[in-house]
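# Analysis of the macromolecular model
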Amino acid sequence: MSSFLNKQSDGKVMVDKVFKAAIKAKEAKEIFGSDNVVDATLGTLFDEDGVFVAFDSVWGPYESINKIQKAKYAGSIQGNPSFRDAVTKWLFEDVTEELHFEILATPGGAGAISSTMKNILNPGESVIKPSQGWGPYKTMATEFDIKLQDYNMFKDGHFDVEDFKKTLQNVMNQQGKILAIINDPCHNPTGYTMSGQEWDEVIEFVNELSKQGPVVLLNDIAYVDYNNQGNEWKKHFGKFSKLSNNAMAVIAFSTSKTLTAYGARAGAAVAITNNATELSKFINAGIYSARSIWSTVNNSAMELFALVTTDELLLKNYMKEKQYYVDLLKERADIFVGESHEVGLDIYPFVEGFFVTIKVQDNIEKEALNLKLQKNNIFTVEVDGGLRIAICSVSREKLKGLAKRIKDIMN
Ligand code: PLP
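All of the points below concern the structure found in this document. Remember, predicted model here, so these are calculated numbers, not experimental data. (Residues numbered from 1 in each chain as written. Predicted model: local features only at pLDDT ≥ 70, side-chain atom pairs only at ≥ 80, totals over all residues. Heavy atoms only, no water.)

## Here's the deal with the layout of surface pockets
Taken as a whole, the largest pocket holds about 1,200 Å³ of empty space. Lining the largest pocket are 41 residues, and of these Asp16, Val18, Trp134, Gly135 and Pro136 sit closest to its centre. Among the elements of the structure, helix 1 (17-32), helix 5 (108-120), helix 6 (136-143), helix 9 (255-258) and strand 13 (381-383) are those that each provide at least two residues to the lining of the largest pocket. At five residues, the largest contribution of residues to the lining of the largest pocket is made by helix 6. A breakdown of the residues in the lining of the largest pocket according to their chemical character gives 18 nonpolar, eleven polar and twelve charged. (1 Å grid on protein atoms, 1.4 Å probe; cavity = no way out; pocket = protein on both sides within 12 Å on 5 of 7 lines; lining within 4 Å. Points joined across faces, edges and corners; volume = space filled by probe spheres on them. Helix = DSSP H or I, 4+ residues; strand = E, 2+ residues; numbered from the N terminus. Nonpolar A, V, L, I, M, F, W, Y, C, P; charged D, E, K, R; others polar.)

This is the structure:
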């Protein structure tokens, strides 16, 4: 009998490794008590008492948004003008270069990434992603019948610019066009942040390569507001003004981590290019995709972002509360990364952010180690080339000695 589903969807099953691991951790906590379990699975902030963090400086002001705003549809399919203005200020306030850009509001960073894949590539073409990367990149590509090609993330403790170039050149030779994802700063799952020089090399190469065909760089900045340089890092966006006429950057912005508003589903695709015709086509296609897939973005989430980031006092409170967690993440990282180096636990190059990843290249070894850790009530997430420790959700107390415990279990 033939399937009810079409060929593309028949047999698809979503297996989310993060949620799967989190369920195992939850079961262990119910049996052994949460004090005896290290749950390093979830990529959301938890405080030192293991309580989910929902910023007071965000969810307090939410109560002041009137019910009609909360109930209403968004003011525009492209996203409320007040939201787009707030995103512009949030990202580009300190950028001195002139940028030509358009903003499409999306349901989180996920909406920005998937709609970009859909509108840039034809089915059968390849999107380029880092060798260690966020799992849903694969899911999204598969959804649109797009293939994946990896560039190697690291060489000698730094971004492997040479492999990035080689991969882009190969794909350009095959399909005459490039869509490449760079998740920076605070890369998920390794916590790497590229240097200014690494970015300069990327931009220079993109301009050179764009002589052979269009190049679109997708800069996934889901964790941008947790980098240690603060807003200073965002000056980086000025580099996109230098892109040639045959290149474009799309920033995938998300309020999920920025506001601790993961479930509110607001974000944006911010396209930057000096090519006015292509910019206009990209934004129009994005608005079309929006209307046909998610329709409009959550009105109250857009209002909330605009409110918190433009009211002087609310912004001050928010920045203070967020900084506490940026500092806390740094302290947690100092413990785990410092101890990993001391005991010789092999981790990927780490700079900052929500995650650290233990290097285990072999898949069988990785699964075996993960099972052993689970038996010892340590729960991590299997990612390409390793096991991810979400330091965003583990207290300093539980991180102390964890690297040695893992190293001992490995041996
Ligand atoms: N990109 C990365 C690397 C992420 O880790 C996430 C969330 O976990 C996202 C994008 C997008 O998240 P959301 O769709 O909630 O904004």
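Continuing now.
## Observations regarding the pairing of strand 14 (residues 386-390)
Within strand 14, five of the five residues are buried, which leaves it mostly tucked inside the rest of the structure. Taken together, the five bridges between strand 11 (residues 355-359) and strand 14 define a ladder with antiparallel strand orientation. Bridged to Ile358 within strand 14 is Leu387. With antiparallel pairing between neighbouring strands as the criterion, strand 13 and strand 14 make up a hairpin whose turn holds two residues, including Gly385 at a positive phi of roughly 80°. (Buried < 20%, exposed > 50% of the residue type's maximum accessible area, 1.4 Å probe, protein only. Pairing = 2+ DSSP bridges.)

## A closer look at the packing of aromatic side chains
Scanning the model with the defined rule gives 25 aromatic pairs in all. When the ring of Phe46 is compared with that of Phe52, the centres are 5.6 Å apart and the planes differ by 85°; the resulting orientation is edge-to-face. Looking at Phe52, the relative accessible area reads 43%, which means it is partly exposed. Their ring planes at 75° and their centres at 5.8 Å tell us that Phe52 and Tyr262 sit as a pair that is edge-to-face. Taken as a pair, Phe52 in the loop between strand 1 (38-39) and helix 2 (56-62) and Tyr262 in the loop between helix 9 and strand 10 (267-272) lie far apart in primary sequence, 210 residues in all. According to the relative accessible area criterion, Tyr262 is buried, its value standing at 13%. These aromatic residues form a ring-pair network of at least three members: Phe55, Phe83, Trp90, Phe253, Phe305, Tyr318, Tyr324 and Tyr325. Taking NZ or CZ as reference, Lys70 lies 4.4 Å from the ring centre of Tyr62, over its face. If you follow Lys322 out to its NZ or CZ, it ends over the ring of Tyr226, 5.9 Å from the centre. (Phe/Tyr/Trp six-rings, centres within 6.5 Å; stacked < 30°, edge-to-face > 60°. Lys NZ or Arg CZ within 6 Å of the ring centre and 35° of its normal.)

## Describing the packing of helix 13 (residues 363-375) against helix 15 (residues 402-410)
One way to put it is that helix 13 packs onto helix 15 with a least axis distance of 10 Å and a crossing angle of 120°. Considering the angle they form, helix 13 stands oblique to helix 15. For helix 13 against helix 15, the interelement crossing comes out right-handed. The residues of helix 15 that touch helix 13, namely those facing Leu369, Lys372 and Leu373, are Ile406, Ile409 and Met410. Its residues placed into classes, the contact of helix 13 with helix 15 shows five nonpolar, no polar and one charged. (Axes fitted to C-alpha atoms, helices over the stretch in contact; angles between N-to-C directions. Parallel < 35°, antiparallel > 145°, perpendicular 65-115°, else oblique. Left-handed = near helix turned anticlockwise from the far one by under 90°. Contact = heavy atoms within 4.5 Å.)

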